[in-house]
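Here's the letter readout for the chains.
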Amino acid sequence: MTVNFEIADGVGTIRLDRPPMNALDIATQDRLRELGEEATRRDDVRAVVVRGSEKVFAAGADIKEMQQMDHAAMVVRSKALQDSFSAIARIPKPVVAAVTGYALGGGCELALCADFRIAAENAKFGQPEILLGLIPGAGGTQRLARLVGPSKAKDLIFTGRHVRADEALAIGLVDRVVPADEVFGAAHAWAAQLAKGPALALRAAKEAVDAGLETDLETGLAIERSLFAGLFATEDREIGMRSFVEDGPGKAKFRR
């Protein structure tokens, strides 16, 4: 398998395993879609870590494979390509990307699908497709602009330049930078903490933020209102409020 899936303590870890550079060929893309859908379905997965190897997260698409594709072939394939990444973005649970080494092209686009990104001090990000006479095709033009703003996104996409971890942190492309040997532990700790939380509330929070970003404020507020009210029908809400009243804040133990 070019992508492995392991579950421990409520955390599902999706690990890219296609040495030496974790190039995202068609088989790997399809496997990502399968695992994104599996992580969505499984009740024993309450949070997700997406990671590569110690030396590289993912260095982009398999260029040799893509070189053999003409316009007609890519018209057919491009939707499946985007669907593979969207399957990760649509996991209705907290998702963290643990980025070590290179996250370029499709690798950067995969990291953008996470809710939170923890990068190693040696990590490098980029969308170098322009250097191939292309543009990002797995969501980069859309997710990157929404994350860092259109001007910064255009700078990275127009130039194809690499961004070091410190700059990525400064522009909001990543959320934390830690020493390389601490990345996977930090990502798992983030996910494990949330795996103990109220699953339905976390799902609603993610849906409210993500759906709200795609619409106007009034519609976003209506989405929030509906999801907020719906949580009053859940056991998690009963547990959380009872614990707050009886024991104080932050002590609730939610059921798995």
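Going by the structure above, here's the rest.
Presented here is an overview of the structure given in this document.

This part takes up the packing of helix α1 (residues 26-41) against helix α3 (residues 71-89). To describe two helices that pack against each other, one gives the angle between their axes and the distance between the axes. Between α1 and α3, whose axes approach to 7 Å, the crossing angle comes to 40 degrees. When the axis of α1 is compared with that of α3, the two are oblique. In the packing of α1 onto α3, the handedness of the crossing is left-handed. Facing α1, whose interface residues are Ile26, Gln29, Asp30, Leu32, Arg33 and Gly36, α3 presents Arg77, Leu81, Asp83, Ser84, Ala87 and Ile88. For the contact of α1 with α3, the residue count by class is 5 nonpolar, 3 polar and 4 charged.

This brings us to unusual backbone geometry. Here the amide bond leading from proline 19 into proline 20 is cis, since omega sits at 5 degrees, within 30 degrees of zero. By the element assignment, proline 20 lies in the loop between β2 (11-16) and α1. The phi torsion at aspartate 9 lies on the positive side, around 55 degrees, for a residue other than glycine. One can find aspartate 9 in the loop between β1 (3-8) and β2. With a relative accessible area of 57%, aspartate 9 lands in the exposed category. The residue asparagine 22 is not glycine, and still its phi comes out positive at about 55 degrees. Positionally, asparagine 22 belongs in the loop between β2 and α1.

Attention shifts here to the packing of aromatic side chains. The way to describe two aromatic rings as a pair is by their centre distance and the angle between their planes. Per the counting criterion, the structure on display carries 2 aromatic pairs. When the ring of phenylalanine 228 is compared with that of phenylalanine 232, the centres are 5.4 Å apart and the planes differ by 75 degrees; the resulting orientation is edge-to-face. Classification of phenylalanine 228 as exposed rests on a relative accessible area of 54%. With relative accessibility at 38%, the residue phenylalanine 232 sits in the partly exposed group.

As for its placement among the helices and strands, aspartate 236 is situated in helix α11 (residues 235-247). The side chain of aspartate 236 is buried and forms no salt bridge, while arginine 46, the nearest opposite charge, is found at 5.5 Å. A polar side-chain atom of aspartate 236 sits 3.3 Å from the main-chain amide nitrogen of alanine 199. With residues near it in sequence (within four places) discarded, aspartate 236 still touches Pro198, Ala199, Leu200, Phe254 and Arg255.

Attention shifts here to the nonpolar core. Ranked by internal contacts, the top residues of the largest apolar core, which has 43 residues, are Ile14, Phe57, Val99 and Phe125. Among all residues touching phenylalanine 125, those that are not within four sequence positions of it are Val99, Ala103, Leu104, Cys108, Ala119, Arg161, His162, Val163, Ala168, Leu173 and Val174. Counting residues in each nonpolar core, the second largest holds 16 residues, with Val96, Ala98, Ala186 and Ala191 among its members.

Here we take up the environment of arginine 255. With respect to the helices, strands and loops of the structure, arginine 255 is situated in the segment after α11. Taking the C-alpha atoms as reference points, arginine 255 and lysine 196, 59 residues apart in sequence, are found 8.2 Å from one another. In this structure, arginine 255 is in contact with Arg46, Glu235, Asp236 and Ile239, ignoring residues within four places of it in sequence. Of the polar contacts made by the side chain of arginine 255, one reaches the side chain of glutamate 235; its length is 2.6 Å.

Conventions and cut-offs
Residues numbered from 1 in each chain as written. Predicted model: local features only at pLDDT ≥ 70, side-chain atom pairs only at ≥ 80, totals over all residues. Heavy atoms only, no water. Axes fitted to C-alpha atoms, helices over the stretch in contact; angles between N-to-C directions. Helix = DSSP H or I, 4+ residues; strand = E, 2+ residues; numbered from the N terminus. Parallel < 35°, antiparallel > 145°, perpendicular 65-115°, else oblique. Left-handed = near helix turned anticlockwise from the far one by under 90°. Contact = heavy atoms within 4.5 Å. Nonpolar A, V, L, I, M, F, W, Y, C, P; charged D, E, K, R; others polar. Buried < 20%, exposed > 50% of the residue type's maximum accessible area, 1.4 Å probe, protein only. Phe/Tyr/Trp six-rings, centres within 6.5 Å; stacked < 30°, edge-to-face > 60°. Lys, Arg positive; Asp, Glu negative; His and termini not counted. Salt bridge = Lys/Arg side-chain N within 4 Å of Asp/Glu carboxyl O. Polar contact = N/O pair within 3.5 Å; in protein donor to acceptor, adjacent residues only side chain to side chain. Core = buried A, V, L, I, M, F, W, Y, C linked by side-chain atoms within 4.5 Å.

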